[in-house]
Each structure stands twice: as C-alpha cells, then as structure tokens.
Amino acid sequence: MSSDKIPFHIMDIMKLLPHRYPFVLVDRIVELEEKRIVGLKNVTINEQFFQGHFPEDPVMPGVLILEGLAQTGCVLAYNTEPSMIGTKLAYFTGLDAVKFRKKVVPGDQLLFEVIAVKRKMGLWILACKAFVDGELVAEAQLKATFA
C-alpha cells in the first residue's frame, strides 16, 4: 500500500493484518506518510465487548484502544517494509507511558495517530495518540518488532 492510495479501507487493511472479526480495530487509514499514519475506528454499540463492559454504561476497554493504535502502527510498519507482508508478523514488545484521559463510548469515532520515532536493529518505537472529536483520549509509546 502506498500513500497515493489514501484513504484505504478495511479490505486493504485486512490484506496487511492477520486480524479478523471481531478483532480488527481499525476501519480505515486516512493519512499515511513515511513515518506517520492516521487510522480511524467507528465505535458502535454492536461491538461484542459492550455486552460485558459495561451493559449499563458502555465504555470501550482501554486495552482495545491500545490494540487499535497497535494495529494502525502495524499498517505503517508493513507499508514501510512491504517484504514483511505475508512472511512476518509484527509483535508488540512493550508499552510505556500509557495514559487514558477520557472514556470512549458508542457513537464515538476514534482517530489513531502513530508516529515512528525510531527504528533500530529491527525494533520500532512508536509514539501513539488516540483522539475523539479532536480531544486526546489515550496515549502510549509502543515498541514492536517483526518475527
């Protein structure tokens, strides 16, 4: 996938990621540069996790917001290293400086912004932020590698 094909949609994303329903947590890529990507996730009441988290006050689990950021980062990594597509999986090896700032609820649209801060000896360091309506809802530094 190249940046001249933006946006790219769920079927394009699923050509890169091994994830499938109900675990694909990025619906579309809306921006893609050499070291930066922005993904979009439409959060609906139909998400399976809302059945138990929490039925009376549905809130998207923070770990799934992190997973959406991670999947968006994977799309950036595969776009940067296309030889890895279909041959290697991207595995996340660490999380640092994780902060959740606001609840994400049904009807929200998450924007996942991921910036490749550093690549060294196969290790990626990614600065990640999630936004709803322009407000920061979560942030983290993710580390990943292909294996």
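Structure's up top.
Just so it is clear, the model here is predicted, and its values are computed rather than measured.

Calculation criteria
Residues numbered from 1 in each chain as written. Predicted model: local features only at pLDDT ≥ 70, side-chain atom pairs only at ≥ 80, totals over all residues. Heavy atoms only, no water. Pairing = 2+ DSSP bridges. Helix = DSSP H or I, 4+ residues; strand = E, 2+ residues; numbered from the N terminus. Axes fitted to C-alpha atoms, helices over the stretch in contact; angles between N-to-C directions. Contact = heavy atoms within 4.5 Å. Core = buried A, V, L, I, M, F, W, Y, C linked by side-chain atoms within 4.5 Å. Buried < 20%, exposed > 50% of the residue type's maximum accessible area, 1.4 Å probe, protein only.

**Quick notes on the pairing of strand β1 (residues 28–32)**
Point 1. The sheet contact formed by β1 and strand β2 (residues 36–42) spans 4 bridges and is antiparallel. Within the sheet, the bridge partner assigned to E31 lies in β2 and is V38.
Point 2. In sequence, β1 turns back onto β2 through a hairpin of 3 residues.

**Quick notes on the sheet that holds strand β5 (residues 123–132)**
Point 1. Across the sheet, which stays open at both edges, the 6 strands sit in the order β1-β2-β4-β5-β6-β3 with antiparallel pairing between neighbours. Pairing within the sheet leaves two strands with one partner each, and these edge strands are β1 and β3 (90–100). Each strand of the sheet is rotated relative to its neighbour by a mean of 25°, with strand direction disregarded.
Point 2. Examined bridge by bridge, strand β4 (residues 109–120) and β5 share 10 bridges and lie antiparallel to one another. From the neighbouring strand, R119 faces β5, where its bridge partner is W124.
Point 3. Most of the contacts of helix α2 (residues 62–80) go to β4, to which it runs at about 55°, and overall it touches β1, β2, β3, β4, β5 and β6 (135–146).

**Let's talk about the nonpolar core**
One recurring pattern in soluble globular proteins is that nonpolar side chains are buried together.
Point 1. Counting residues in each nonpolar core, the largest one holds 40 residues, and the members touching the most others are M60 and L110.
Point 2. Elements supplying a minimum of two residues to this core: α1 (10–16), β1, α2, β4, β5 and β6.
Point 3. Residue contributions to this core peak at 10 residues, all from α2.
Point 4. Dropping the residues within four chain positions of it, M60 is found in contact with V43, F49, F50, H53, I65, V104 and L110.

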